[in-house]
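# Structural description and commentary
Okay, here's what each chain looks like letter by letter:
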Amino acid sequence: MKTEVEKLREEFRRDTYWTRINISSDDDSKKTTVLVCASHEYLWDLFEAREIEQVKFDVWLDKVVKKWEAMKEEVFNAPVHYDVYANTKEGMENGDKFLKEEVKP
Amino acid sequence: MKFFIIDESNIKKDEKFEFFVYGGLIVDDSEIRVLSKQLIDIKRSFNIEEKRPIKWPNFNWDNKGQLDPEIHAKIKEAVLVLVNKSSSKIIIYLSPHDFYHTWNIALGFKLKSRMDPEKYLRAQKYAINVCLNKFNLYLSELKENGMVLADSFVEQFNHVLTEHCLSLYPDGKDRKLDKIIYPVVQVNNECSEIHQINDVILGAITFSMREMAQNFMPIIKDNFWGASEDGFSTILNKGINIYPREIKTPQLKEKIGKLKEKFDRLMIL
């Protein structure tokens, strides 16, 4: 299984961070994309951060990647997956809407 | 002469945005009719009945159903743009919901919050005090006079709040608001275009503050009193007023700190 993680982007219009994780089988016969976003509030609370330097984006993203890689073959059951991290139910819904309507797989 | 249209927003306590908002738009008398006409033109351009009120929430008006969500969103954005193009200013007051809600145990022993009448009244008085004082300072800067148009007070507290407003004027005991023409005028704002515009502004601010919601602040950030290239720092305590100023608990300090940081981030664009 091969995994390529795109650069984490900041979306000011949603106060969020997002990226794409592209996963393919070793022979490239199966592919899937995971669209991931996390709210500013979620990430800052996760690391109890006051400043951006205290937010370990790599540590968080690494855990997300491992979660999807652990699905092994099952991950290829859908061409696109959406993975949202937020503190509130509405944040989850807004993140999902953002990934589905404003981010292209 | 300036008119300050004040209303309340986000009263219900929920997890979406934990602050009560009061205040609104300051409009020059020469612009009220222009803005009102522009809103009517926007309605016409979308084939919407002129009488139909435009508000932030999409609601069933006169049993004719809701607007198409896409059209409603486009109208609201057009309203924000027309405010941005005007010389209108925004002054708002924010205080935590806890300020006027009380926790109690409801049936089934589930912890629920309810609006506490005493706290609600106190929050309303604070909100009125802050908004009127800031409006008076704004008028002093311009060397102009102004008038305040408030949405009707809740009937239960109308008498007390009216008395409170009276006490703030030159003939009242505190003798503070020398630039504001007495009294605070209460209006049922359903039919007035300028009040509809105000509702959209307050709605846009409240909505933008929610987690991962679309951020409308960049469209109207220049309208906040005190706005400059330095962003939120010059708006704080002028266009955006967060209370209580003296914070007693660490939880509240954190909540208000996060609110200020969020405003700061949303104003960047």
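Worth saying up front: this structure is predicted, and the values here are computed from it rather than measured.

### Overview of the sheet that holds strand β3 (residues 89–96) of chain B
Residues and elements named next belong to chain B. One open sheet accounts for six strands, arranged β7-β6-β1-β2-β3-β8; its pairing is mixed. Only two strands of the sheet have a single partner each, and these edge strands are β7 (180–187) and β8 (240–242). Going across the sheet, the axis of each strand differs from the next one's by a mean of 20°, ignoring polarity. For β3 and β8, the ladder comprises three bridges, and the chain directions are parallel. Bridged to Y93 within β8 is N241. The strands touched by helix α3 (residues 117–142) within the sheet are β1 (2–9), β2 (19–28), β3, β6 (146–151), β7 and β8, with β3 carrying the most contacts at an inclination of about 150°.

### A closer look at the interface of chain A and chain B
On the chain B side, the residues contacting the 16 residues of chain A number 12 residues. Secondary structure elements with two or more residues in the side of chain A that touches chain B: α1 (40–46) and α3 (89–102) of chain A. Along the lines of polarity and charge, the residues of the side of chain A that touches chain B split into three nonpolar, eight polar and five charged.

### A short note on the nonpolar core
Most often, soluble globular proteins have nonpolar side chains that are buried together. All names here are of chain B. Formed by 84 residues in total, the largest nonpolar core has its most connected members in V79, I92, C131, F135, V148, I197 and I201. The element best represented in this core is α3, accounting for nine residues. Ignoring anything within four residues of it in the chain, the contact list for V148 reads F4, I6, L132, F135, I180, V184 and V185.

### Some points on the confidence of the model for chain B
Residues and elements named next belong to chain B. Here chain B shows a mean pLDDT of 88. Residues at 70 or above account for 89%. By mean pLDDT, strand β4 (residues 101–105) is the weakest element of chain B at 57, and helix α2 (residues 69–85) is the strongest at 97. Both scores are available for the predicted complex, with the pTM at 0.90 and the ipTM at 0.92.

### Some details on the environment of E49 of chain B
Checked against the element boundaries, E49 of chain B lands in the loop between α1 (29–45) and α2. Here the alpha-carbon distance between E49 of chain B and K253 of chain B, two residues 204 residues apart in the chain, equals 46 Å.

### Comments concerning the confidence of the model for chain A
When pLDDT is averaged across chain A, the result is 95; 100% of the residues are at 70 or more. Of all the helices and strands in chain A, α3 of chain A carries the lowest mean pLDDT, 95, while strand β5 (residues 80–85) of chain A carries the highest, 98.

### Some points on helix α5 (residues 193–208) of chain B
Compared with the 22 Å implied by 1.5 Å per residue over 16 residues, the 23 Å span of α5 of chain B between its first and last C-alpha is a close match. Most of α5 of chain B sits inside the fold, with 16 of its 16 residues counted as buried.

### Notes on the pairing of β2 of chain B
The two faces of a sheet get side chains in turn, since along a regular strand they alternate between them. Residues and elements named next belong to chain B. Most of β2 sits out of view: nine of its 10 residues are buried. One ladder, built from eight bridges, connects β1 with β2; its direction is antiparallel. Across the sheet, the residue bridging to I6 is G24, located in β2. In this sheet, β3 lies alongside β2 in antiparallel orientation, the contact comprising eight bridges. From the neighbouring strand, V21 faces β3, where its bridge partner is L94.

### Digging into the environment of R13 of chain A
Along the polypeptide, R13 of chain A turns up in the loop between β2 (9–11) and β3 (16–24). The residues touching R13 of chain A, leaving out its near neighbours within four places in the chain, are Q214 and N215 of chain B.

### A few points about the packing of α1 of chain B against α2 of chain B
All names here are of chain B. In the contact formed by α1 and α2, the axes pass within 10 Å of each other and the chain directions differ by 155°. On the basis of their axis angle, the class for α1 and α2 is roughly antiparallel. Seen from above, α1 lies across α2 with right-handed handedness. Contact residues: α1 offers L35, Q38, L39 and I42, while α2 offers I75, A78, V79 and L82. Per-class residue counts for the contact of α1 with α2 are seven nonpolar, one polar and no charged.

Cut-offs and rules
Residues numbered from 1 in each chain as written. Chains lettered and ligands numbered in written order. Predicted model: local features only at pLDDT ≥ 70, side-chain atom pairs only at ≥ 80, totals over all residues. Pairing = 2+ DSSP bridges. Helix = DSSP H or I, 4+ residues; strand = E, 2+ residues; numbered from the N terminus. Axes fitted to C-alpha atoms, helices over the stretch in contact; angles between N-to-C directions. Contact = placed C-beta atoms within 7 Å. Nonpolar A, V, L, I, M, F, W, Y, C, P; charged D, E, K, R; others polar. Core = buried A, V, L, I, M, F, W, Y, C linked by C-beta atoms within 7 Å. Buried ≥ 20, exposed ≤ 12 C-beta atoms within 10 Å, placed from the backbone. pLDDT = per-residue confidence, 0-100. Expected span 1.5 Å × (residues − 1). Parallel < 35°, antiparallel > 145°, perpendicular 65-115°, else oblique. Left-handed = near helix turned anticlockwise from the far one by under 90°.

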